[in-house]
Every structure is written in C-alpha cells, then in structure tokens.
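# Fold and contact review
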Amino acid sequence: MRFQLSRNAWHVCGQYLQRNFFQLSKRDKGKWELISAAGKVSNERNVPEHIQKPPYYYKDMPAGNTLGTPEIKNEEQLNHMRSSGKLAAQILRECGKMAKIGITTDEIDDFAHQRIISENAYPSPLRYVGFPKSLCTSINNVACHGIPDDRPLADGDIINIDVTVYQNGCHGDCSETFLVGDVDERGRFLVDSTRDCLDKCIALCGPGVPFNEIGKYIQRYCQERDLESVAAFIGHGIGSYFHGPPEIYHYANEAPGRMQAGMTFTIEPILSLGCGDIGLLEDGWTAVSLDNSRSAQFEHTILITETGVEVLTNAV
C-alpha cells in the first residue's frame, strides 16, 4: 500500500504520456463495469482500547518520509515483521475468498477489520493520512487506494485487495488482484501478467543488486506484453513505520542505491491495459485511470538476506 506519489513519477509519466497517450488509449481493453464515482462509505470501525496503535491513530500526521538511508533490521525486528507479514497474508487470502458476485467491499472491510483486531493487531490503513477504512479495495479501472463502500461486486470485476497490519510494533503489507465471476480474456491476461511480473521482480533481488533493476525489469516486461506501468505509485521501505526508504520505482530509472542484507521493503507494481496516467475521484483517495482502462496490482513485503531474498508476506 502506497499513499504518497513519488517525487519524480508525475514528471516522468507526464513526459511519456504526452508522446504516447493516443496510442495507449486505443488499445483493446475488453469489457467491464466502469467505476466513475465512489459509493457510500460506512462509519469508522472501532478499535478496542487494548490494541497497540501506531502514532497516527492519535493525531494527524503526514505520510512517512521515503527519502534517506534504508534501515538495517535486527533479528528481533525481523521476527516481528515475519509475524505481521504472515498475518497480513493470511487475512488477504481470507478476504480473497469473499470476492464473489454480490458481496460489497464494505463487507470485506468489516471482515478484515474484525479478523485483524481478533489477532491483537491494528489495521494499518485506518487513519493513515486520514484514510477512513481498514483496507483498500480497487476495482477494474481503479488503480489503487479505493475506499471500501456499498457497491456490490459484479460478474467480470477484477478487484485488488490491499491488507496491511500493525502488530508488535511492525507493519506487514501485501495485496493481490482477484477475479470475480467470469472475467474476460484480457482481464485474466492482465491479472496473470501482473502476478508473474511481481514474482520475477522478487527473484532478481539480493544483496548488492541495485534498486533500479526492479524498475528496469518492469519496463521491459511491460514493453514485451503491450502493458503500461502506473508510474505514479512506488514501493517503499517498511518496519515500525508504514512508509520509509528506500523508494522502489516501477519504471526504468537511474535512482542510486543497492540492496543490503537486513533491508525490508515492498514491491507493488500496478500494470495497466491502457494508459498509465491517473486522476483522483472526489474522495481524494481513489486513483482511476484517465482512459478508463483496467489495472491490476500485486504486492509483497520482502527481506534482503545474506544469500538472497525472503518474502515476509507469505500465508504459510
């Protein structure tokens, strides 16, 4: 989950789209139900007093600073991150099973909220920079940060569910895009490709690897498959903080820095069947494609080890 746009993303994306928008917007993107407005959002759900809460629960705070030197975690921190990451992944899997025709995203949010607090954990999105719900649900042409509401899921939808939990002082962050009912061929291609792209990005990680290898790979992957990366949103460091350094760009870049053992961060590409340009709905959160194309996203929190990489958000 990533709320703050990268500093370079709008400039880079804008330059590219000025040259390529017409070509991108003419791609065949299949058929689905367009999301053009937010639905009714229910009241904030209660968090019991005994649940450990992050600082932003108690006061308005800006998004975390993702610039600077990435933290090297010690073994105690890593054990807490393994625990929170596993819990996030388990709840994400359970939420995915709820993604059926007729179920509302508010019902999924309610389920996730109750499951998280039942584990003495906190739903990290709630109150982060003012976000009103406990997870993000992004459907069809919503790229990310969709707010759960009263819209029932429809046959042919694709829905990204983004779950982050805060437990024992550490966050675990992951997301997956699920198919609802009978999804058309282009939609299935998009979801399968985005999952495959994330898996391959994780596989190339390890000590000494430049961070920018991730973005370079994603751009090559998209060019080979006639897809577009939504460049405005990036991966990020994570730990006791929701968002911190390093910044992980999902497009070709020359950003400095190399992975070191003990670093933890997310990789979370959003791939689109059309243009990668986005705008916000009136709620100030829901990011939609400007050419009405669908996108999919997958995300894991990973740890760089002495010999390679460990995925912290596995359900088993």
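Residues numbered from 1 in each chain as written. Predicted model: local features only at pLDDT ≥ 70, side-chain atom pairs only at ≥ 80, totals over all residues. Heavy atoms only, no water.

## A look at the UniProt feature "binding site: substrate" (unreviewed entry) in the protein chain
As a reminder of what qualifies: UniProt positions are given in the numbering used here, feature names are shortened, and annotations may be inferred rather than shown by experiment. Helix and strand assignments follow DSSP, with helices taken as H or I runs no shorter than four residues and strands as E runs no shorter than two, numbered in order from the N terminus. Buried residues are those whose accessible area, probed at 1.4 Å on protein chains only, stays under 20% of the maximum for their type, while exposed residues exceed 50% and partly exposed ones sit between those limits.
UniProt feature "binding site: substrate" (unreviewed entry): in the numbering of this structure it lies at His145 and His243. One can find His145 in the loop between strand E3 (142-144) and strand E4 (158-167). Residue classification places His145 among the buried residues on the basis of a relative accessible area of 5%. Tracing the backbone shows His243 in the loop between strand E7 (235-237) and strand E8 (244-248). What makes His243 buried here is its relative accessible area of 2%.

## Some thoughts on the packing of helix H4 (residues 185-203) against helix H5 (residues 212-225)
Stated formally: Lines fitted to C-alpha atoms define the axes, with helix axes restricted to the stretch in contact, and inter-axis angles between N-to-C directions lie between 0 and 180 degrees. Note on angle classes: values under 35 degrees are labelled roughly parallel, values over 145 roughly antiparallel, values of 65 to 115 roughly perpendicular, and the remainder oblique. The crossing is said to be left-handed when, going from far helix to near helix, the turn is anticlockwise and less than a right angle, and right-handed when the turn is clockwise. By definition in these notes, contact holds between two residues if any of their heavy atoms fall within 4.5 Å. When residues are grouped by polarity, Ala, Val, Leu, Ile, Met, Phe, Trp, Tyr, Cys and Pro land in nonpolar, Asp, Glu, Lys and Arg in charged, and all others, Gly among them, in polar.
Direction vectors running N to C along H4 and H5 enclose 150°, while the axes themselves pass 10 Å from each other. As far as their axial angle goes, H5 and H4 are roughly antiparallel. The two elements H4 and H5 meet at a crossing, and its hand is right-handed. From H4, Phe189, Ser193, Asp196, Cys197, Lys200 and Cys201 reach across to H5, where they touch Ile214, Tyr217, Ile218, Tyr221 and Arg225. Grouping the amino acids of the contact of H4 with H5 by side-chain chemistry returns seven nonpolar, one polar and three charged.

## Describing the pairing of strand E2 (residues 136-139)
On a regular strand, each side chain points to the face opposite its neighbour's, so the side chains alternate between the two faces of the sheet. The criterion, for reference: Strand pairing is assigned whenever DSSP detects at least two bridges linking the two strands.
Of the two faces of E2, the one holding Cys136 and Ser138 and the one holding Thr137 and Ile139 are both buried throughout. Pairing between E2 and E4: four bridges, direction antiparallel. By the bridge assignment for E4, Ile139 is matched with Ile159.

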